[in-house]
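Observations on chain architecture
Given next are the chains, with one letter for each unit.
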Amino acid sequence: MKLVIIPVTPLQQNCSLLICESTGKATLVDPGGDPARLKSTVEAHGAQPERLLITHGHFDHAGAAAELAEFWGIPIEGPHRDDEFLLDSIPEWCRQFGHPMGQIFRPDRWLEDRDEVIFGEERLMTYHCPGHTPGHVIFFHPGDKLAFVGDVLFRGGIGRTDLGRGNHAQLLDSIQNRLLPLGDDVRFVPGHGPMSTFGEERRSNPFIR
Ligand SMILES: [Zn+2]
Ligand SMILES: [Zn+2]
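Residues numbered from 1 in each chain as written. Chains lettered and ligands numbered in written order. Predicted model: local features only at pLDDT ≥ 70, side-chain atom pairs only at ≥ 80, totals over all residues. Heavy atoms only, no water.

1. Some words on the side chain of Asp115
Condition: By the criteria applied, helices consist of DSSP H or I runs no shorter than four residues and strands consist of E runs no shorter than two, each listed in order from the N terminus. Contact between two residues is taken to exist if any of their heavy atoms lie within 4.5 Å; hydrogens are not considered.
In this fold, Asp115 is placed in the loop between α5 (90-96) and β6 (116-119). Sequence-distant contacts of Asp115, that is, excluding residues within four places in its chain, are made with Arg109, Trp110, Leu124, Met125 and Thr126.

2. Regarding the coordination of the zinc ion (ligand 2)
Geometrically, a metal with four donors at the corners of a regular tetrahedron has ideal angles of 109.5 degrees, and one with six donors at the corners of a regular octahedron has ideal angles of 90 or 180 degrees. Here is the rule we go by: Donors, by definition, are the N, O and S atoms found within 2.8 Å of a metal, the threshold being 3.2 Å for Na, K and Ca, and water is not counted, so a site can look incomplete. Just to be clear on the cut-offs, tetrahedral is four donors with all angles between 85 and 135 degrees, square planar is four donors and octahedral six with opposite donors over 155 degrees apart and all others between 65 and 115, and anything else goes down as irregular.
Protein coordination of the zinc ion (ligand 2) is provided by Asp60 (OD), His61 (NE2), Asp151 (OD) and His192 (NE2), with donor distances spanning 2.1 to 2.5 Å. Here the zinc ion (ligand 2) is ringed by four donor atoms whose angles at the metal span 85 to 155 degrees, and the overall shape comes out irregular. Sequence spacing of the donor residues for the zinc ion (ligand 2), all on one chain, is D-H-x89-D-x40-H. A separation of 3.5 Å is found between the zinc ion (ligand 2) and the zinc ion (ligand 1), which are bridged by Asp151. Here His192 lies in the loop between β12 (187-190) and β13 (196-197) and Asp60 lies in helix α2 (residues 59-62), a separation of 132 residues in the sequence.

3. Quick notes on helix α3 (residues 65-72)
Put simply, the rule reads: Any residue under 20% of the maximum accessible area for its type is buried, any over 50% is exposed, and the rest in between are partly exposed; the area is computed with a 1.4 Å probe on protein chains only.
Here α3 has its buried residues at Ala65, Ala66, Leu68 and Ala69. Residues of α3 that are buried sit in contact with α1 (35-44), β4 (48-53), α2 and β5 (76-77). Directly beyond the C-terminal end of α3, a positive phi value near 65 degrees is found at Gly73.

4. Some points on the sheet that holds strand β7 (residues 122-128)
So the rule is basically this: Two strands make a pair as long as DSSP finds a minimum of two bridges between them.
The strand order β6-β7-β8-β9-β12-β13 describes an open sheet built from six strands, whose pairing is mixed. Both outer strands of the open sheet, β6 and β13, are each paired with one neighbouring strand and no more.

5. A few points about the coordination of the zinc ion (ligand 1)
Every protein donor of the zinc ion (ligand 1) is listed here as His56 (NE2), His58 (ND1), His132 (NE2) and Asp151 (OD), and their distances to the metal cover 2.1 to 2.3 Å. Here the zinc ion (ligand 1) binds four donor atoms, and the angle range of 93 to 166 degrees at the metal identifies the geometry as irregular. Within one chain, the residues serving as donors to the zinc ion (ligand 1) are arranged as H-x1-H-x73-H-x18-D. Judged by its relative accessible area of 0%, His56 falls in the buried class.

Limitation: the analysis is restricted to geometry and does not speak to function.
Have a look at this one:
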């Protein structure tokens, strides 16, 4: 599986373009904004998007999903239904951040814990990881030992829980009992900032020790 990280929005949110190398089929995790840039990157790689995946309902992760789903004629999967209230606030958040207007949408499929999502011949496992938002999910590729964790965990940090319906205890529980057990050697793409591994964070992240 090929991974291309494309930072989007003024918040430099890491949108991940994942390409199945045997079929050319692709998915984008968290297409939060800058749709023209996402379209041209997909085109430059000759990839064919098959679905869009959303970790949680914040505008910087989901803001361009509706436009791109319509452009490519593909479904949106995720987040978990508990983030429905956040999808409704996308335009309001965009206005506050002076960001081009994102559209409200409903995914074609709400994701549940342990749901599998497929593109080309690649499979990702979904884990429900509430705390930053109630309906936050993360995606894990067991073969490549690669995870896409949105705003649950960062290199040296953890997600904020002071935004609507965040819960600090729940966030720590998601990190300890969902993310870290996937293995120290798992690399992850956070929603913002550089990649890391679960082992590195388990050893050195001051927020989870
Ligand atoms: Zn967020
Ligand atoms: Zn974010």
